[in-house]
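# What the coordinates show
Listed here are the chains, written in short residue letters.
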There are 2 protein chains.
Amino acid sequence: MATCPIGFHDRLRRAWSDSGSLLCVGLDPVRSRLPPPFSDSPSGLREFCCAIVDATADLVCAFKPQAAHFAAEGAEEQLAEVIAHIHQSWPGKPVILDAKRGDIGSTAALYAKEAFERYGADAVTVNPYLGEESVRPFLEYPDRGVAVLCRTSNPGSGWLQKAPAADPAYLRVAAAAKDWNRSGNVLLVAAATYPEELAKIRAAVGAMPLLTPGIGAQGGDLQQTLIAGLDAAGQGLVINASRSVLYPEAEGKELGGTGEAYGAAGQEFAAHSRAAARRLRDEINRLIPAPSSLGLS
Amino acid sequence: MATCPIGFHDRLRRAWSDSGSLLCVGLDPVRSRLPPPFSDSPSGLREFCCAIVDATADLVCAFKPQAAHFAAEGAEEQLAEVIAHIHQSWPGKPVILDAKRGDIGSTAALYAKEAFERYGADAVTVNPYLGEESVRPFLEYPDRGVAVLCRTSNPGSGWLQKAPAADPAYLRVAAAAKDWNRSGNVLLVAAATYPEELAKIRAAVGAMPLLTPGIGAQGGDLQQTLIAGLDAAGQGLVINASRSVLYPEAEGKELGGTGEAYGAAGQEFAAHSRAAARRLRDEINRLIPAPSSLGLS
């Protein structure tokens, strides 16, 4: 091609710097948890997500819409509209489509087409169980990110991902990801719930960005996560929070004074989400050690 | 619940017996390979698949539509219509949705809802990399099948699936699948391209049905597959063929005399597909050893 597209890692680094945030908000709209009037609106998933996006965009480095939440009710069009809204209103804010696709050859190429061409996602999550043939078609979009599942947040995953102890699958995935990263566009999904393993992944992959779920509702410890997962520049992590930002009912008492735009329409939920995102962003930034103390610089 | 739904294994056994066939036709509609007029029709994916279904239904035990082929062009509605057509026109013929979903908890439950409620699939393929939490929500539909990826057909998969040699992941998945099979609704995906491993899977899981890709375009040997994979009753395999039946241009010379219904409308493609499916079904049935010689009875 005539021009060399900017790699996904570079776009992500720019987003980290521009936002001053490692926080990513996961867009997991659950119909039964939506506030009115979204709960009853046919396009409520889109409307809710766009309101959350607009309320939190300046606080985050990325957004991560989750495909099943739209697919379960046949709302693919709303997913596409949410992504288009982010691109239009918040240019430069990467959209990581959480779809965890995994198939081979021409079928994997169609999943890549779905994520990158149909939805216009900047990155997509991919499952490595079928090996390199399931990742390669995604890599053929050099300007898009491919976030390969490595060490996931749930306890039942160790059975496959941590075996055998001497050469666990998750570290083999990490090593393979370095090979796959020729275009600077591979990430690994490495959960906050296993900080020791997160540290081993960081040691294995150098500065490769890690997409890190498990903070918040799943109980991962933020300080341990940062110590284990930051890169030498004090970045390197896309720390995802979904439910704790989208549905912060229990923790949304103190709004922090920025909810004016929403309060008038009775949409306090967005101010609550903004407050939750801001608390989490601030807590992350407060806990980030100075680069010199990371032991990696 | 008041009535006990018939388990998926029982429905599959009935389909094997009723059809006298272990063949499953995979519905992988590739826009650029569709014959006219389907190639130019907005609903061409559905029309092509329904024509293939009607041309081959009496020759097969099941159909396996592949999700990415519809998702890449935003044709989810056509996928739903194909599945509805099979249920309406060919009741009792199981539909295995090939989506290879893999996520945990409430997200996995939404993927199960997508497959079983939105699309009405009888079974769905699932990726085990995230462990039991990613399979359990599907198991909560006791009358639906859950086909867990075990040993896939592609060479690049051995790296994860066959490690470590002494206790390979694919055999750990097979052992787990026996635990997950309380409702008689778990299958394993075990490819024809690795007959030695297929035999080990069969030995590990007894009569559990295996969904077996890799015949045809991918080069799996049919006779070795049958020797390795049949159960003690001479059944137990859902042998999938997609491209070799859908696009049999190179092998479709001899039609076998049953294409009358399609020739009149210029739709010889369906007769070619029917001929390809019949050849494969007949070849499978010719190669099935008598039950007493299987060494498993």
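Residues numbered from 1 in each chain as written. Chains lettered and ligands numbered in written order. Predicted model: local features only at pLDDT ≥ 70, side-chain atom pairs only at ≥ 80, totals over all residues.

## Quick look at the overall build of chain A
The helix and strand tally for chain A stands at 13 helices and 8 strands. Counting all 297 residues of chain A, 56% fall into the buried class. Nonlocal contacts in chain A, meaning residues at least 24 apart in sequence, comprise 72% of its contacts between residues at least 6 apart. (Helix = DSSP H or I, 4+ residues; strand = E, 2+ residues; numbered from the N terminus. Buried ≥ 20, exposed ≤ 12 C-beta atoms within 10 Å, placed from the backbone. Contact = placed C-beta atoms within 7 Å.)

## Some details on the sheet that holds strand E6 (residues 186-190) of chain A
All names here are of chain A. Pairing in this open sheet of 8 strands is parallel, and the strands run E2-E1-E8-E7-E6-E5-E4-E3 from one edge to the other. Sheet topology places strand E2 (62-65) and strand E3 (96-101) at the edges, where each strand pairs with a single neighbour. With strand direction ignored, the average angle separating the axes of adjacent strands in the sheet is 30 degrees. Of the pairings in the sheet, the one linking strand E7 (residues 210-212) to strand E8 (residues 237-241) comprises 3 bridges and is parallel in character. What sits directly across from Leu210, in E8, is Leu237. Of the strands in this sheet, strand E1 (23-27) and E2 touch helix H2 (residues 44-56), which is tilted by about 170 degrees from E1. (Pairing = 2+ DSSP bridges. Axes fitted to C-alpha atoms, helices over the stretch in contact; angles between N-to-C directions.)

## Remarks on the packing of helix H2 (residues 44-56) of chain B against helix H4 (residues 76-89) of chain B
All names here are of chain B. At a closest axis distance of 9 Å, the pairing of H2 and H4 adopts a crossing angle of 25 degrees. It follows from the interaxial angle that H2 and H4 lie roughly parallel. Like other packed secondary-structure pairs, H2 and H4 cross with a definite hand, here right-handed. Contacts between H2 and H4 involve Leu45, Arg46, Cys49, Cys50, Val53 and Asp54 on the former and, on the latter, Gln78, Glu81, Val82, His85, Ile86 and Ser89. (Parallel < 35°, antiparallel > 145°, perpendicular 65-115°, else oblique. Left-handed = near helix turned anticlockwise from the far one by under 90°.)

## Some thoughts on the interface of chain B and chain A
Listed by partner, the interface residues are 34 residues for chain B and 34 residues for chain A. Secondary structure elements with two or more residues in the side of chain B that touches chain A: helix H3 (67-71), helix H5 (105-118), helix H7 (158-161) and helix H8 (169-180) of chain B. Of the residues forming the side of chain B that touches chain A, the biggest block, 6 residues, is contributed by H5 of chain B. Across the side of chain B that touches chain A, the residue classes tally to 14 nonpolar, 11 polar and 9 charged. (Nonpolar A, V, L, I, M, F, W, Y, C, P; charged D, E, K, R; others polar.)

## Focus on the pairing of strand E6 (residues 186-190) of chain B
All names here are of chain B. Buried residues dominate E6, accounting for 5 of its 5 residues. Side chains Val186, Leu188 and Ala190 of E6 all project onto a buried face; the interleaved residues Leu187 and Val189 project onto the opposite face, where all are buried too. Pairing geometry for strand E5 (residues 145-151) and E6, over 5 bridges, is parallel. Within E6, the position partnered with Val146 by the bridge is Val186. Relative to strand E7 (residues 210-212), E6 is paired through 2 bridges, and the arrangement is parallel. Across the sheet, the residue bridging to Leu188 is Leu210, located in E7. Traced from E6 through helix H9 (residues 195-205) to E7, the parallel crossover comes out right-handed. (Right-handed = clockwise from strand over helix to strand, strands pointing away.)

## Points about the confidence of the model for chain A
All names here are of chain A. Averaged over chain A, the pLDDT score is 91; the fraction of residues at 70 or greater is 90%. Segment residues 250-266 is flagged for pLDDT under 50; beyond a separation of four residues in sequence, or across chains, it makes 22 contacts in the model. If you check the scores for this complex, the pTM reads 0.93 and the ipTM reads 0.93. (pLDDT = per-residue confidence, 0-100.)

## Quick word on H9 of chain B
Residues and elements named next belong to chain B. Among all positions of H9, only Pro195, Glu197, Leu198, Ile201, Arg202 and Val205 are buried. The buried residues of H9 occupy an angular sector of 155 degrees when projected down its axis, which confines them to one face. Turned more than 90 degrees off the buried face of H9, the exposed positions are Glu196 and Ala203. Buried residues along H9 sit in contact with E5, H8, E6, E7 and helix H10 (222-229). Of the residues trailing H9, Gly206 is marked for its positive phi of about 60 degrees. (Arc of directions from axis to C-beta.)

## Things to note about the environment of Ala233 of chain A
All names here are of chain A. Of note, Ala233 is situated in the loop between helix H10 (222-229) and E8. Judged by C-beta crowding, with 14 C-beta atoms within 10 Å, Ala233 ranks as partly exposed. Here the alpha-carbon distance between Ala233 and Ala207, two residues 26 residues apart in the chain, equals 8.6 Å.

## Concerning unusual backbone geometry
All names here are of chain A. Between Pro36 and Pro37 the backbone carries a cis peptide bond, its omega angle lying at 5 degrees. Assignment of secondary structure puts Pro37 in the loop between E1 and H2. Even without a glycine there, the phi angle at Lys100 is positive, about 50 degrees. Here Lys100 shows up in strand E3. A tally of 28 C-beta atoms within 10 Å means that Lys100 is categorised as buried.

## What about the relation of the copies chain B and chain A?
Least-squares fitting of chain B to chain A yields an RMSD of 0.0 Å, with the superposition described by an axial translation of 0.0 Å and a rotation of 180 degrees. Taken together, the rotation and translation relating the two chain copies correspond to the operation of a two-fold axis. Looking at chain B, 100% of its interface residues are interface residues in chain A too, so the copies touch through the same face. (Least-squares fit on C-alpha atoms with pLDDT ≥ 70 in both.)

## Quick look at the packing of H2 of chain B against helix H13 (residues 268-287) of chain B
All names here are of chain B. At a minimum axis distance of 9 Å, the contact between H2 and H13 shows a crossing angle of 45 degrees. It follows from the interaxial angle that H2 and H13 lie oblique. Judged by the sense of rotation from one axis to the other, the crossing of H2 with H13 is right-handed. In contact with Ala51, Ile52, Ala55 and Thr56 of H2, H13 contributes Ala270, Ser273, Arg274 and Ala277. Residues that form the contact of H2 with H13 fall into these classes: 5 nonpolar, 2 polar and 1 charged.

## Re the environment of Pro35 of chain B
Position of Pro35 of chain B relative to the elements: it lies in the loop between strand E1 (23-27) and H2. Of the residues examined, Pro35 of chain B has 17 C-beta atoms within 10 Å and is grouped as partly exposed.

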